[in-house]
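Examination of the molecular architecture
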Amino acid sequence: MNGPWVEKYRPQNLDDVVGQDHIIQRLKRYIKEGSMPNLMFTGPAGVGKTTTALALGKALLGEYWRQNFLELNASDARGIDTVRHNIKNFCRLKAVGSPFRIVFLDEVDNMTKDAQHALRREMEMYTKTASFILSCNYSSKIIDPIQSRCAIFRFTPVKGHQIIKRLEVIAEAEKIKVTLNALESIVYFAEGDMRRAVNILQTSSSVGEEITEENVQEVVSKAKPQDVRKIINKALDGDFLDARDLLREVMVVQGISGEDLVTQIYQEVSRMAREGLLGKEVYVDLIENIGTYDYRIREGSNPRIQLEALLTKFLFKANAK
Ligand SMILES: Nc1ncnc2c1ncn2[C@@H]1O[C@H](COP(=O)(O)OP(=O)(O)OP(=O)(O)O)[C@@H](O)[C@H]1O
Ligand SMILES: [Mg+2]
């Protein structure tokens, strides 16, 4: 195996970025015009923000893009002053070989408000030489004066069928076989995060000749969806002790964390509702309870006790299915 597949198969141009179609179309207009305003990319992890920024940079800056593209991480361990120092040094110089320069600043939502205000002044100072692409998970954490200076692009989780298509391309290039069930299982665990999907594919590939659903489940430290559903169904039927035993087995023997498990219970309950296996009122009631217990677990309460308490809320709801 030669290096991580997420890097090996990082799309090099905008056309290869999967999903995010609206965004790609809008960005292509900038390429046509040969210029771009300051941009802000927001959205969850692993959906193509950095990839898109790099591809856009290459398309706009041409052959000399490397010299004219600066990639920085706002949560650089050496501190925000180093980041700003690098921005200043880079923006002071005019672009050579390209029409302008681009600063790509990642994790801007980790910057303090003060640092963001300073960044905003820098963005204004260097409008002639450089354009900025700011990337963050939550745009709500960015101060208004920065938001209003940027064209905002909201990246969305990658859809299941798009993930499967991309994984098939990679599997073919790597000459490995993957069953459809395995692909669907990867989609389930990836939750729209393409980076995670590609990583799961690579890790499962070292297990056997053909990747099966079991291989995928072995490398992912999450509960099997079937087990989660069993726990839920037992509780709904009123078999509290059986539900609790299985819950313990998953948490203690398989070592699944409370946070992961409550998220999986949420996913599974939502799926059951979509499949028509839960009535609307029961579903609403369960979601409300899952929200409460999720919060308690994340605040540090004993996850096993909290999850068992959550199960009591499921009891005897089966006839309302
Ligand atoms: N839309 C996509 N199409 C194809 N591959 C993708 C896409 N999104 C992510 N990937 C794959 O996942 C890897 C990581 O993606 P990227 O660095 O663009 O994520 P990101 O959105 O910047 O995430 P983060 O918020 O964690 O920085 C890429 O190298 C690529 O292999
Ligand atoms: Mg990124």
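Along each chain, residues carry numbers from 1 onward, in the same order as the chain's sequence is written. Chain A is the first chain written and ligand 1 is the first ligand written, with later ones labelled in order. Thresholds applied to this predicted model are a pLDDT of at least 70 for local features of residues and 80 or more for the giving and counting of side-chain atom pairs; totals over whole chains, interfaces and linings are not thresholded and use all residues.

**As for the confidence of the model for the chain**
Parts of the model with low pLDDT should not have their predicted coordinates read in detail. One confidence number per residue, pLDDT, is output by the predictor and ranges from 0 to 100. Summing up the model confidence of the chain, the mean pLDDT is 93 and the portion of residues at 70 or higher is 98%. Mean pLDDT values over the elements of the chain span from 89, in helix α5 (residues 80-92), up to 97, in strand β1 (residues 39-42). Strands here mean DSSP runs of E at least two residues long; helices mean DSSP runs of H or I at least four residues long; both are numbered from the N terminus.

**Regarding the sheet that holds strand β4 (residues 130-136)**
Should DSSP find at least two bridges between two strands, the strands are taken to pair. Here we have five strands laid out as an open sheet, ordered β2-β3-β4-β1-β5, and parallel in their pairing. Pairing within the sheet leaves two strands with one partner each, and these edge strands are β2 (69-73) and β5 (151-154). For this sheet, the mean angle separating the axes of adjacent strands, direction not counted, is 15°. For β1 and β5, the ladder comprises four bridges, and the chain directions are parallel. For every element, the axis is a line fit to its C-alpha atoms; helices are fit only across the contacting stretch, and the angle between N-to-C directions ranges from 0 to 180 degrees.

**Comments concerning the nonpolar core**
Generally speaking, a soluble globular protein has its nonpolar side chains buried in company with each other. Core analysis: the largest hydrophobic core is formed by 56 residues, its most contacted members being V103, I133, L134, I186 and A197. All domain edges in this entry derive from an automatic or database-based domain assignment. Counting the residues that make up this core, at least three belong to each of domain 1 (20-154) and domain 2 (160-219). If we skip the residues at most four places from it in the chain, L134 touches M40, L105, V108 and C150. One finds V250, L261, L278 and L307 within the second-largest nonpolar core, a separate group that totals 23 residues. By our criterion, buried Ala, Val, Leu, Ile, Met, Phe, Trp, Tyr and Cys residues that link up through C-beta atoms within 7 Å make up a nonpolar core. In this scheme every C-beta is placed from the backbone, and a residue whose C-beta has 20 or more other C-beta atoms within 10 Å is buried, one with 12 or fewer is exposed, and one in between is partly exposed. In this description, any two residues whose backbone-derived C-beta atoms lie within 7 Å of each other are considered to be in contact.

**Things to note about the packing of α5 against helix α6 (residues 113-125)**
One can describe the packing of α5 onto α6 by two numbers: an axis separation of 11 Å at closest approach and a directional angle of 5°. In terms of orientation, α5 and α6 fall into the roughly parallel class. Counting all contacts with α5, which are made through I80, R84, I87 and K88, the residues of α6 involved are A115, A118 and E122. Three categories are distinguished: nonpolar for Ala, Val, Leu, Ile, Met, Phe, Trp, Tyr, Cys and Pro, charged for Asp, Glu, Lys and Arg, and polar for the others, with Gly belonging to the last. Within the contact of α5 with α6, the residues separate by chemical class into four nonpolar, no polar and three charged. For this classification, under 35 degrees means roughly parallel, over 145 means roughly antiparallel, 65 to 115 means roughly perpendicular, and everything else is oblique.

**Some remarks on the site of ligand 1**
Taken together, 22 residues sit near ligand 1, with R10, G48, K49, T50 and T51 positioned nearest. Counting residues per element, the ones that place at least two in the shell around ligand 1 are α1 (5-8), α3 (49-61) and α10 (194-205). Partitioned by chemical class, the residues of the shell around ligand 1 number ten nonpolar, seven polar and five charged. Counting residues domain by domain, the shell around ligand 1 receives three or more from each of domain 1 (20-154) and domain 2 (160-219). As a rule, any residue with its backbone-derived C-beta atom within 6 Å of a molecule or strand is reported as near that molecule or strand.

**Quick word on unusual backbone geometry**
Here the phi dihedral of E107 falls at roughly 55°; this positive angle occurs in a residue that is not glycine. Within the element layout of this structure, E107 appears in the loop between β3 (101-106) and α6. Located in the positive-phi region is F316, a residue other than glycine, with phi close to 60°. Secondary-structure assignment places F316 in the segment after α16 (303-312). The class of F316 is exposed, set by 11 C-beta atoms lying within 10 Å.

**Quick look at the pairing of β2**
Bridge analysis of β2 against β3 gives five bridges, and the strand direction is parallel. Looking at the pairing, F69 lines up with I102 of β3. Note on handedness: a crossover is taken as right-handed if, strands pointing away from the viewer, the path from the first strand over the helix to the second is clockwise. Between the parallel elements β2 and β3, the chain passes through α5 in a crossover that is right-handed.

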